[in-house]
Amino acid sequence: MGETAVHAGLVEVLVAYAETELGLAANLSIRHDAVRPIRGERPPRINGYVPDLYATDVPTTVTLIGEAKTRADLETEHTRSQVHAFLDYLSQTPNGIFVLSVPMSAAVTALRLLSQLKAPFQEAETRTVVIDGIRVKDC
């Protein structure tokens, strides 16, 4: 399975998580960066970056931003900047959730990355989650 197929699978996990966490798809606004988005809508640009998933319930009480990263992508400066930008945005949004979907082999690295990057935003109480294909881990 190529890296693009892996990434697409990780995005599908994000969509499923959003539907589980926020409720029925009919009551959600889900925009994701996939080959065939559910409603044909792409996520908005947030602080200079486009996330893989942007979801809210309707009316908006919760905002979920999801990012899918392969092992090779996880430890780049681009990823650090991107995740920081999303956490900054969510820190100013009530009931924000940031979800990082990674392969199982990258779960520990993803947890460490989120632990480091969310430190400046502790007061905002943005929920951060890592999904590794088997487990959902709040961090």
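Structure's up top.
These numbers were taken from a predicted model, which means no experiment stands behind them. (Residues numbered from 1 in each chain as written. Predicted model: local features only at pLDDT ≥ 70, side-chain atom pairs only at ≥ 80, totals over all residues. Heavy atoms only, no water.)

**Regarding the side chain of Glu67**
Next, step 1: Residue position: Glu67 is located in strand 3 (residues 63-68).
Next, step 2: Under the relative-accessibility criterion, Glu67 is labelled buried at 2%.
Next, step 3: A polar contact of 3.2 Å, which involves the side chain of Glu67, links it to the backbone nitrogen of Asp52.
Next, step 4: Residues contacting Glu67, with those up to four places away along its chain left out, are Leu14, Val50, Pro51, Asp52, Gln82, Phe86, Phe98, Val99, Leu100 and Ser101. (Helix = DSSP H or I, 4+ residues; strand = E, 2+ residues; numbered from the N terminus. Buried < 20%, exposed > 50% of the residue type's maximum accessible area, 1.4 Å probe, protein only. Polar contact = N/O pair within 3.5 Å; in protein donor to acceptor, adjacent residues only side chain to side chain. Contact = heavy atoms within 4.5 Å.)

**Some points on the packing of aromatic side chains**
Geometrically, a pair of aromatic rings is defined through the distance of the ring centres and the angle of the planes.
Next, step 1: The tally for this structure, following the rule as stated, stands at three aromatic pairs.
Next, step 2: Consider the rings of Phe86 and Phe98, whose centres lie 6.3 Å apart with planes at 35°: the pair is tilted. Linking Phe86 in helix 3 (residues 77-91) with Phe98 in strand 4 (residues 96-101), this pair joins segments that are 12 residues apart in sequence.
Next, step 3: Using a relative accessible area of 0% as the deciding quantity, one classes Phe98 as buried.
Next, step 4: Counting every residue linked through ring pairs, the aromatic cluster contains Tyr49, Phe86 and Phe98. (Phe/Tyr/Trp six-rings, centres within 6.5 Å; stacked < 30°, edge-to-face > 60°.)

**Observations regarding the environment of Met104**
Next, step 1: Relative to the assigned elements, Met104 resides in the loop between strand 4 and helix 4 (107-118).
Next, step 2: Looking at Met104, the relative accessible area reads 46%, which means it is partly exposed.
Next, step 3: Along the chain, Met104 and Arg135 lie 31 residues apart, while their C-alpha atoms are 8.5 Å from each other.
Next, step 4: Not counting chain neighbours up to four residues away, the residues in contact with Met104 comprise Asp132, Ile134 and Arg135.

**Comments concerning the environment of Thr4**
Next, step 1: Its place among the elements puts Thr4 in helix 1 (residues 3-22).
Next, step 2: Residue classification places Thr4 among the exposed residues on the basis of a relative accessible area of 67%.
Next, step 3: Considered as a pair, Thr4 and Thr70 are 66 residues apart in the sequence and their alpha carbons are 9.1 Å apart.

**Considering the pairing of strand 4**
Next, step 1: Within strand 4, six of the six residues are buried, which leaves the element mostly enclosed by the surrounding structure.
Next, step 2: Here strand 4 shows no split at all, with Gly96, Phe98 and Leu100 on one side and Ile97, Val99 and Ser101 on the other all buried.
Next, step 3: Where strand 4 meets strand 5 (residues 127-131), five bridges bridge the pair, whose relative direction is parallel. From the neighbouring strand, Ile97 faces strand 5, where its bridge partner is Arg127.
Next, step 4: In this fold, strand 4 hands off to helix 4, which returns the chain to strand 5; that crossover is right-handed. (Pairing = 2+ DSSP bridges. Right-handed = clockwise from strand over helix to strand, strands pointing away.)

**As for helix 4**
Next, step 1: Given a rise of 1.5 Å per residue, 12 residues ought to cover 16 Å, and the 16 Å separating the end C-alpha atoms of helix 4 matches this to within 8%.
Next, step 2: What helix 4 keeps buried is the set Ala107, Thr109, Ala110, Leu113, Leu114, Leu117 and Lys118. Seen end-on, helix 4 carries its buried residues on one side only, within an arc spanning 155°.
Next, step 3: Residues of helix 4 that are buried make contact with helix 2 (71-74), helix 3, strand 4 and strand 5. (Expected span 1.5 Å × (residues − 1). Arc of directions from axis to C-beta.)

Treat this as a map of the structure, not an account of what it does.
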